[in-house]
Amino acid sequence: MTYEETHRLNTLIEKYLSAQTSSAEEAEMRRLLSSSGLLPEHENFRSMLMGIDSLRAPEGLEERIAAGIDRLATLENTHPVKVRRTARWWGVAASVALLIGIGTAFLGRTTREHPGSDLTPEETYAQMEDALTLLATSMDRGYREAAQAEETTAMATATALRALASLSESNEHTENI
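Just so it is clear, the model here is predicted, and its values are computed rather than measured.

Peer 1: How should the overall build of the chain be read in this particular structure?
Peer 2: Assigned secondary structure in the chain consists of 6 helices and 0 strands. In sequence order, the chain lays out its α and β elements as α-α-α-α-α-α. The 177 residues of the chain split such that 9% are buried. Contacts spanning at least 24 positions in sequence make up 35% of the contacts within the chain whose residues lie at least 6 apart. For the chain, the exposed surface amounts to about 15000 Å²; the carbon and sulfur share of it is 61%.

Peer 1: What is the right way to look at the packing of helix H1 (residues 3-17) against helix H2 (residues 23-33) in this model?
Peer 2: In helix packing, the relevant descriptors are the interaxial angle and the interaxial distance, both defined with respect to the helix axes. It is the contact of H1 with H2, at a shortest axis distance of 10 Å, that shows an interaxial angle of 130°. Between H1 and H2, the angle falls in the class oblique. Seen from above, H1 lies across H2 with left-handed handedness. Contacts between H1 and H2 involve Glu-5, Arg-8, Leu-9, Leu-12, Ile-13, Lys-15 and Tyr-16 from the first element and Glu-25, Glu-26, Glu-28, Met-29, Leu-32 and Leu-33 from the second.

Peer 1: Please explain the side chain of His-42 as it appears in this structure.
Peer 2: On the secondary structure map, His-42 appears in helix H3 (residues 40-54). Beyond its immediate sequence surroundings of up to four residues, His-42 is in contact with Thr-6, Leu-9, Asn-10, Ile-13 and Leu-33.

Peer 1: Mind showing me how you'd approach H1 here?
Peer 2: Spacing of three or four residues puts side chains on the same side of an α-helix, whose turn is 3.6 residues. Between its first and last C-alpha, H1 extends 21 Å over 15 residues, near the 21 Å set by a 1.5 Å rise per residue. Among all positions in H1, only Thr-6, Leu-9, Leu-12, Ile-13 and Tyr-16 are buried. Down the axis of H1, the smallest arc covering the buried residues is 125°, so these residues share one side. Across from the buried face of H1, at angles greater than 90 degrees, the exposed residues are Tyr-3, Glu-4 and Glu-14. Looking at the buried residues of H1, the elements they touch are H2 and H3. Directly beyond the C-terminal end of H1, a positive phi value near 55° is found at Ala-19.

Peer 1: I'm lost on the packing of H2 against H3 in this one. Help?
Peer 2: At a closest axis distance of 10 Å, the pairing of H2 and H3 adopts a crossing angle of 125°. As far as their axial angle goes, H3 and H2 are oblique. In the crossing of H2 with H3, the sense of the turn from one axis to the other is left-handed. Between H2, through Met-29, Arg-30 and Leu-33, and H3, the contact on the second element is made entirely by His-42, Phe-45, Arg-46, Leu-49 and Asp-53. Residues that form the contact of H2 with H3 fall into these classes: 4 nonpolar, 1 polar and 3 charged.

Peer 1: How should I be thinking about the nonpolar core in this particular structure?
Peer 2: As a rule of thumb, nonpolar side chains are buried together in soluble globular proteins. With 10 residues, the main nonpolar core is built from Leu-9, Leu-12, Ile-13, Tyr-16, Met-29, Leu-32, Leu-33, Leu-38, Phe-45 and Leu-49. Of all the secondary structure elements, the ones that give two or more residues to this core are H1, H2 and H3. When residues of this core are assigned to their parent elements, the largest contribution, 4 residues, is made by H1. Once residues within four sequence positions are removed from consideration, Ile-13 is found in contact with Met-29, His-42 and Phe-45.

Each value, and the rule that gives it
In this convention, every chain numbers its residues from 1, walking through the sequence in written order. The model is predicted, so local features are restricted to residues of pLDDT at least 70 and side-chain atom pairs to those at 80 or more, both for listing and for counting; the totals for chains, interfaces and linings are taken over all residues. As a convention, hydrogens and water are excluded, and side-chain values are obtained from all of the structure's heavy atoms. By definition, any uninterrupted DSSP run of H or I lasting at least four residues is a helix, any uninterrupted run of E lasting at least two residues is a strand, and each is numbered from the N terminus. Accessible area is worked out with a 1.4 Å probe on protein chains only. A residue is then buried under 20% of its type maximum, exposed over 50%, and partly exposed in between. Should any heavy atoms of two residues lie within 4.5 Å, those residues are considered in contact. Throughout, the Shrake-Rupley method with a 1.4 Å probe supplies accessible areas, and for residues the shown protein chains are the sole cover considered. Throughout, an axis means a line fitted to C-alpha atoms (over the contacting stretch in the case of helices), and angles, computed between N-to-C directions, take values from 0 to 180 degrees. In what follows, roughly perpendicular refers to angles from 65 to 115 degrees, roughly parallel to angles under 35, roughly antiparallel to angles over 145, and oblique to any angle outside these ranges. A clockwise turn of the near helix away from the far one marks a right-handed crossing, whereas an anticlockwise turn of less than a right angle marks a left-handed crossing. Here the expected length of a helix is defined as 1.5 Å per residue gap, with one fewer gap than residues. Arc, as used here, means the arc of the directions from the helix axis to the C-beta atoms. For this classification, the nonpolar set comprises Ala, Val, Leu, Ile, Met, Phe, Trp, Tyr, Cys and Pro, the charged set comprises Asp, Glu, Lys and Arg, and every other residue, Gly included, is treated as polar. Residues belong to one nonpolar core when they are buried, are Ala, Val, Leu, Ile, Met, Phe, Trp, Tyr or Cys, and are joined through side-chain atoms within 4.5 Å.

Laid out in structure tokens, this is it:
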């Protein structure tokens, strides 16, 4: 087997294992696997592929699956309202349980101090307020500096364009002489 064939076979095997091969590519892969001079890993893959090919679905499996699907469709059509009502009640029950859980969590938390903290809730609130004020101030400064940088960039671009236009005009004037 040539280097190109080996490389192509490796590519096809990768595509096959990721379920991205077409029928023509699978046929080409099988043809390459049937050639002589395969690498040991290709021999192993060929054995695995032959094993997969030898597997067959039991007789009548498709018919049994189709009959099961038809039977489920019939059941679904005969009891749709009952299923919907049951599902609705389960949804209501889940919502009530969720509300009870959330309410219990919030009611269980009173205005006690945080574990491991020496601060009262008022002191914690003041510190959070200071931190948020600092964050807002920093963000405002950042926005102003970004706007200033954008303005400076626009001015530099305009200056560069004027200089290029001036050079272009002087080149045209020189060519006309």
